[in-house]
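Structure at a glance
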Amino acid sequence: MENFSRFVFLLLVLFSFSCGWRESAVEKPPEADPGKEQLMGANRQLLERDTELIRKYIARRGWEMQTTSSGLYYFVYEAGEGEPAQNGDIIRMNYRLSLLDGTLCYTSDEDGPLVFRVGKGGVESGLEEAALLLRRGDKARLILPPFLAHGLTGDQNKIPPRTVIVYEVEVISVTR
């Protein structure tokens, strides 16, 4: 009987420790991940840097541009006609793509017009977003921060990693 009493006592002690451990684990707030905090801070700094570069670029040229909630800068300087493009439409446009320093990377003069189905990918997310703001005949200027352009890697050709890009576009057609 004495062994049984010790066994029960031992079980009660273990049970109380395990319950106490679970409660304390639940009550403790999760500890912050210092690596995650540093990464978020670095991303904020890069975003602020990119925004400042873009604003200075716009100011030097005396441009008036609008900004979407995602961070796309745009200005339609010659209005076209018709309804704006919608997801699923095929849009065809002439373009000039350059860097903030003026380096010309790609043009429709060399590569032909850009043709894509809106909302299906295949182009920069900033260009997809801009397409929804444009109609046939529009001529517009677009500035895409890196996260709406080619991101951390660039395009592995003419656009370096983490680069702001500037588009001059003319919408040739929008087909439903």
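Look above for the structure.
So, how was this worked out
- Residues numbered from 1 in each chain as written.
- Predicted model: local features only at pLDDT ≥ 70, side-chain atom pairs only at ≥ 80, totals over all residues.
- Heavy atoms only, no water.
- Helix = DSSP H or I, 4+ residues; strand = E, 2+ residues; numbered from the N terminus.
- Contact = heavy atoms within 4.5 Å.
- Areas by Shrake-Rupley, 256 points an atom, 1.4 Å probe, with all protein chains shown as cover.
- Expected span 1.5 Å × (residues − 1).
- Buried < 20%, exposed > 50% of the residue type's maximum accessible area, 1.4 Å probe, protein only.
- Core = buried A, V, L, I, M, F, W, Y, C linked by side-chain atoms within 4.5 Å.

**Regarding the overall build of the chain**
When helices and strands are tallied, the chain shows four helices and seven strands. When the helices and strands of the chain are listed from N to C terminus, the series reads α-α-β-β-β-β-α-β-α-β-β. Of all intrachain contacts in the chain linking residues separated by at least 6 positions in sequence, the fraction that spans at least 24 positions is 66%. Surface accessibility of the chain: about 11,500 Å² in total, with carbon and sulfur atoms responsible for 55%.

**Some points on helix 2 (residues 34-61)**
Taking 1.5 Å of rise per residue, 28 residues should cover 40 Å, and helix 2 covers 41 Å from first to last C-alpha, within 8% of that figure. Every buried residue belonging to helix 2 is among Gly41, Asp50, Thr51, Ile54, Tyr57 and Ile58, and all of these are buried. Looking at the buried side of helix 2, the elements it contacts are strand 2 (73-78), strand 6 (139-144) and strand 7 (165-175). Backbone geometry just after helix 2 places glycine 62 at a positive phi near 70°.

**Details of the nonpolar core**
The biggest cluster of nonpolar side chains holds 29 residues, and the ones touching the most others in it are Ile91, Met93, Phe116, Leu142 and Tyr167. Within the residue set of this core, elements represented by two or more residues are strand 3 (90-99), strand 4 (104-107), strand 5 (114-117), helix 4 (125-131), strand 6 and strand 7. When neighbours within four sequence positions are excluded, isoleucine 91 is seen to be in contact with Ala85, Leu114, Val115, Phe116, Val118, Ala131, Val171, Ser173 and Val174. With ten residues, the next largest nonpolar core counts Tyr57, Trp63, Met65 and Leu100 among its residues.

**Points about the environment of arginine 96**
Relative to the elements of secondary structure, arginine 96 occurs in strand 3. Sequence spacing of arginine 96 and glutamate 170 is 74 residues, and the spatial spacing of their C-alpha atoms is 9.4 Å. Among residues more than four places away in sequence, those in contact with arginine 96 are Leu104, Tyr106, Thr107, Val166, Tyr167 and Glu168.

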